[in-house]
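Given next are the chains, with one letter for each unit.
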Amino acid sequence: MIKKVSRTNDLAFKKAFSSIGNTEPLIGLAKDILGIDIKEISFIQPYSIESYIKMINNKQFAVFMQTIKDLAAKIVLNDKDANFIGELQVKGAKSFLERSLYYPTQKFSEDYKENKYGSMKPMYAINILGYKEFKQNSDGVRVFEMWLRT
C-alpha cells in the first residue's frame, strides 16, 4: 500500500529541496519566488536519511534536533558567492517572524567573522508558511535590503 506523503512534512521538504545531486527544485523555487538564477549549490546540511538514522542509532538526539533550519546552502549567482536559507513552517509558532530574521542575519554575520567586511555575501531566504501570519489585506512578502555606501 502506498501512502501519500504530505508536502508540508519537514523531511519531505528537505528531501525535495536539499538532497545532494537534486538541485533543480531549489533552483526553480529561487528563480520563481526571488527572481535569482542560481548557478551552483553547496548544501550546508544536505538531506540524507542515512545520516538521520545514524544520529538516532548513536543517540545523538541533540544533533538530530538541530535540524530546525530546513535548508541552508552556499550558492553562486553569476560568479558571485551568496548564502541561501529555506524554511517550512506548517503551524503557527511563537516568535517565528523573529526566527525568520535571525537565521539569515546569523549567517550574514558569520561571513564577517571570517574576513571582516570584504567577505560579507548576499543572503537570500524563503519561508513557506502553512498558516496565515499576516492580516488578510497585507502583503505577505517582505524584502529587507542592506546596502554598503562606498
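Cut-off values and rules
- Residues numbered from 1 in each chain as written.
- Predicted model: local features only at pLDDT ≥ 70, side-chain atom pairs only at ≥ 80, totals over all residues.
- Heavy atoms only, no water.
- Buried < 20%, exposed > 50% of the residue type's maximum accessible area, 1.4 Å probe, protein only.
- Helix = DSSP H or I, 4+ residues; strand = E, 2+ residues; numbered from the N terminus.
- Pairing = 2+ DSSP bridges.
- Arc of directions from axis to C-beta.
- Contact = heavy atoms within 4.5 Å.

Peer 1: How should the pairing of strand E2 (residues 71–77) be read in this particular structure?
Peer 2: The side chains of a regular strand alternate between the sheet's two faces. Taking burial as the measure, the seven residues of E2 include six buried ones, the bulk of the element. Alignment of strand E1 (residues 40–43) against E2, held across four bridges, turns out to be antiparallel. Pairing of Ile41 across the sheet is with Ile75, part of E2. For E2 and strand E3 (residues 80–89), the ladder comprises seven bridges, and the chain directions are antiparallel. If you follow Ile75 over to E3, its bridge partner there is Ala82. Hairpin remark: E2 followed by E3, antiparallel, with two residues in the connecting loop; positive phi at Asn78, about 50°.

Peer 1: Got a minute to help me understand helix H2 (residues 24–34) in this structure?
Peer 2: In an α-helix there are 3.6 residues to a turn, and that puts residues three or four apart on one side. Taken residue by residue, H2 has Leu26, Leu29 and Ala30 as its buried positions. In an axial view of H2, the angular spread of the buried residues amounts to 95°, which keeps them on one side of the axis. Seen from the buried face of H2, the exposed residues on the opposite side, beyond 90 degrees, are Glu24 and Asp32. Summarising the contacts, the buried residues of H2 are in contact with helix H1 (10–18), E1, E2, E3 and strand E4 (123–129). Positive backbone phi, approximately 75°, marks Gly35, located one or two places after H2.

Peer 1: Honestly, the environment of Ser119 in this entry has me stumped. Any pointers?
Peer 2: Residue position: Ser119 is located in the loop between helix H5 (96–115) and E4. In sequence terms Ser119 and Asp81 are 38 residues apart; their C-alpha atoms lie 9.5 Å from each other. Excluding its chain neighbours within four sequence positions, the residues that come into contact with Ser119 are Asp111 and Tyr112.

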